[in-house]
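Chain by chain, the residues run as shown.
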Amino acid sequence: MTDASPGGLFVVGTGTGVGKTVVTAGLTGLLRDRGVDAVAVKPCQTGYPPDDDAAFVAEACGNETASTCLRRLAPALAPEVAADVAEADLSYDEILSGVRTAVNAHEVGVVEGIGGLRVPLADGAEVLDLVAALGLPAVVVARSGLGTLNHTGLTVDALRAHGVSVHGVVLNEYEGATVAERTNPDVLEGMTDAPVWTLPPLDLREPSEAVSGVREHLPAAALSAVTEF
């Protein structure tokens, strides 16, 4: 993670519910604690309410200005599908422009993906298209246990095939309770030629635990992917 791209980072996931929001909140909060003008950007939130990733990040960071969400849609579906079901207009160009504006308005923008890379976003574009268009380095968040080798390897391959720099992989909710969990970090490093870090289960009844958890368990290299601050 030495070829950092100042200004931003894209937190992508191997799928839904893998922990992108926790990592996004942790990185954003840690940067802000260090005096960096960092903001988390959610391009589109579906399943709203109750799902509201930007609100979780703001609470974790203790400041409502720590995050922003460009669009919120009620159906808990891929954004393009949710917009169709809700009969709402959703423009890929507006999403891309909005994310760029939000990132450029701050020292560092931490953009959080929606589900996995092949999730339909809008106008036939997928989340992967947004990641590639923004040109930000990516951190991949994945599950820790059995099955993550395939999902993570394919995600890293897809990012690199689209010219995206992959700076690291976070295996979330890592406990090392199984042989698969214990061997996955080293195997993934060999498969992807990217650093692999582990984040244990956190007590997120207090969202601020996302920030303290990232501070305690992820190395300084995780932040060097974002900025040299």
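Calculation notes
The written sequence of each chain sets the order in which its residues are numbered from 1. Two thresholds apply to this predicted model, a pLDDT of at least 70 for residue-level local features and 80 or more for giving and counting side-chain atom pairs, whereas whole-chain, interface and lining totals are computed over all residues. As a convention, hydrogens and water are excluded, and side-chain values are obtained from all of the structure's heavy atoms. Every axis in this analysis is a line fitted to C-alpha atoms, fitted for helices over the stretch in contact. Angles between the N-to-C directions lie between 0 and 180 degrees. Only DSSP runs of H or I covering at least 4 residues are called helices, and only runs of E covering at least 2 are called strands; the numbering of each starts at the N terminus. Note on angle classes: values under 35 degrees are labelled roughly parallel, values over 145 roughly antiparallel, values of 65 to 115 roughly perpendicular, and the remainder oblique. Here, residues are in contact when the closest pair of their heavy atoms is within 4.5 Å. Residue polarity is assigned by list, with Asp, Glu, Lys and Arg as charged and Ala, Val, Leu, Ile, Met, Phe, Trp, Tyr, Cys and Pro as nonpolar; anything else, Gly included, falls into the polar class. By this rule, a helix spans an expected 1.5 Å times one less than how many residues it contains. Bend angle per residue: angle between axes fitted to the 7 residues ending at that residue and the 7 residues starting there. Each residue's exposure class comes from its accessible area (1.4 Å probe, protein chains only) as a fraction of the maximum for that residue type: buried when under 20%, exposed when over 50%, partly exposed otherwise. The criterion for strand pairing is that DSSP finds at least two bridges linking the strands in question. A side-chain nitrogen of Lys or Arg and a carboxyl oxygen of Asp or Glu constitute a salt bridge if their distance falls within 4 Å.

Under an unreviewed UniProt entry, the name given to the protein is ATP-dependent dethiobiotin synthetase BioD, and the source organism is Haloarcula pellucida.

(A) Region of the structure containing the packing of helix α1 (residues 20–33) against helix α8 (residues 209–217). Two numbers describe how α1 lies on α8: the axes approach to 7 Å, and their chain directions differ by 80°. In this view, α1 runs roughly perpendicular relative to α8, as classed from their interaxial angle. Within the contact between the two elements, α1 uses V22, A25, G26, L27, G29, L30 and D33 and α8 uses A210, V211, V214 and R215. Per-class residue counts for the contact of α1 with α8 are 7 nonpolar, 2 polar and 2 charged.

(B) The arrangement of helix α7 (residues 179–192) in detail. For α7, which comprises 14 residues, the first-to-last C-alpha distance of 20 Å matches the rise-based estimate of 20 Å (1.5 Å per residue) to within 8%. Bending of α7 peaks at approximately 35° at the position of P185. Buried within α7 are the following residues: A180, E181, N184, P185, L188 and T192. The inward-facing, buried residues of α7 contact α6 (148–161), β10 (166–172) and β11 (196–199). Looking one or two residues past α7, D193 carries a phi angle of roughly 55°, positive in sign.

(C) Molecular detail of the sheet that holds strand β4 (residues 67–69). The strand order β4-β2-β6-β1-β9-β10-β11 describes an open sheet built from 7 strands, whose pairing is parallel. In the strand order of this sheet, the two ends are held by β4 and β11, each with one partner. Taken pair by pair, the neighbouring strands of this sheet meet at an average axis angle of 25°, ignoring direction. The strands touched by helix α4 (residues 92–104) within the sheet are β2 (38–42), β4 and β6 (108–112), with β2 carrying the most contacts at an inclination of about 170°.

(D) Quick look at the pattern of salt bridges. For the structure on display, the rule yields 6 salt bridges. One salt bridge connects R215 with D33, and the closest N-O pair in it is separated by 2.6 Å. Taken together, the positions of R215 in helix α8 and D33 in helix α1 put the pair 182 residues apart, joining distant regions of the chain. On the accessibility criterion, R215 (42% relative accessible area) is partly exposed. Measuring nitrogen to oxygen at the nearest pair gives 2.4 Å for the salt bridge that ties E126 to R118. For R118, a relative accessible area of 60% translates into the label exposed.

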